[in-house]
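Geometric and topological summary
Below, each chain spelled out in residue letters.
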Amino acid sequence: MTMDLFEHSPPEPWAESLCEGAVVLRRFASVSGAELLAGIERVTAQAPFRQMRTPGGHIMSVAMTCCGDWGWVTDARGYRYQHQDPVSGDPWPAMPEVFRTLAVEAATKAGYDDFEPDSCLINRYSPGARMGLHQDKNEDDFGQPIVSVSLGAPAIFQFGGLRRGDRPQRVPLEHGDVVVWGGPARLRYHGVLTLKVADHPLTGACRYNLTFRRAR
Ligand SMILES: O=C(O)CCC(=O)C(=O)O
Ligand SMILES: [Fe+2]
């Protein structure tokens, strides 16, 4: 009986420090994974995934959409946050309550007590998609952390330093893992290596990532 219980209950989350200010909360979102994926379905019914263009003219391999008061967009004019989805002209869908709760709880667990996200970028990686090393720096207040939730297929997250040239750590991320970085780590470079083919019971070959920010 006891063994059976262990095999079927989700693992207790555990924390792994990446550096001062940054931590991986392993499996922190496992329990709410299915609900978060249902939230993604609701958001994308209103604001479908799209592949955006960088100011340099490249089409991003990651498909994106947003919810909350502010959505992150990129096009020929540059990177920015805006109230409206440029595809529909409508405001971005509201942030599902399950998203907000999870993000605030993760931030608190990581030592950031006053996180109030007003933006959630939703990334969808298909096999072959990747995200190059970058800083999240379009936000007004770097005193607020970033909370980044992984769902579905596994990926290798790169967590670098404050300079582009600093060699990044390779951090394997699985369904339910949450990375939080803020304080002295807030402007660290990070990215995601090319997604391998996988077959996750909830998402098939795809990986979803929810990145919560305080934009304004
Ligand atoms: O997919 C990830 O884990 C990271 C996403 C990210 O860095 C971003 O959206 O800015
Ligand atoms: Fe980022």
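Provided above is the structure to which this section pertains.
This structure is a prediction, so every number in the text was calculated from the model and none was measured.

Observations regarding the sheet that holds strand β10 (residues 169-173)
- Read across the sheet, 4 strands follow the order β7-β12-β9-β10 without closing on themselves; strand pairing throughout is antiparallel. In this open sheet, the two edge strands, each paired with only one partner strand, are β7 (131-134) and β10. The sheet shows a mean angle of 20° between the axes of neighbouring strands, taken without regard to direction.
- Here β7 runs beside strand β12 (residues 190-192); their pairing, made up of 2 bridges, is antiparallel. Pairing of H134 across the sheet is with H190, part of β12.

Overview of the packing of helix α2 (residues 33-46) against helix α3 (residues 97-109)
- One can describe the packing of α2 onto α3 by two numbers: an axis separation of 9 Å at closest approach and a directional angle of 130°. Between α2 and α3, the crossing angle belongs to the class labelled oblique. As for how α2 packs across α3, the hand of that crossing is left-handed. Contact with α2, carried on its side by E35, L36 and G39, involves V98, F99 and L102 of α3 and no other residues of that element.
- Looking at side-chain class alone, the contact of α2 with α3 contains 4 nonpolar, 1 polar and 1 charged residues.

How each quantity is defined
- Residues numbered from 1 in each chain as written.
- Chains lettered and ligands numbered in written order.
- Predicted model: local features only at pLDDT ≥ 70, side-chain atom pairs only at ≥ 80, totals over all residues.
- Pairing = 2+ DSSP bridges.
- Helix = DSSP H or I, 4+ residues; strand = E, 2+ residues; numbered from the N terminus.
- Axes fitted to C-alpha atoms, helices over the stretch in contact; angles between N-to-C directions.
- Parallel < 35°, antiparallel > 145°, perpendicular 65-115°, else oblique.
- Left-handed = near helix turned anticlockwise from the far one by under 90°.
- Contact = placed C-beta atoms within 7 Å.
- Nonpolar A, V, L, I, M, F, W, Y, C, P; charged D, E, K, R; others polar.

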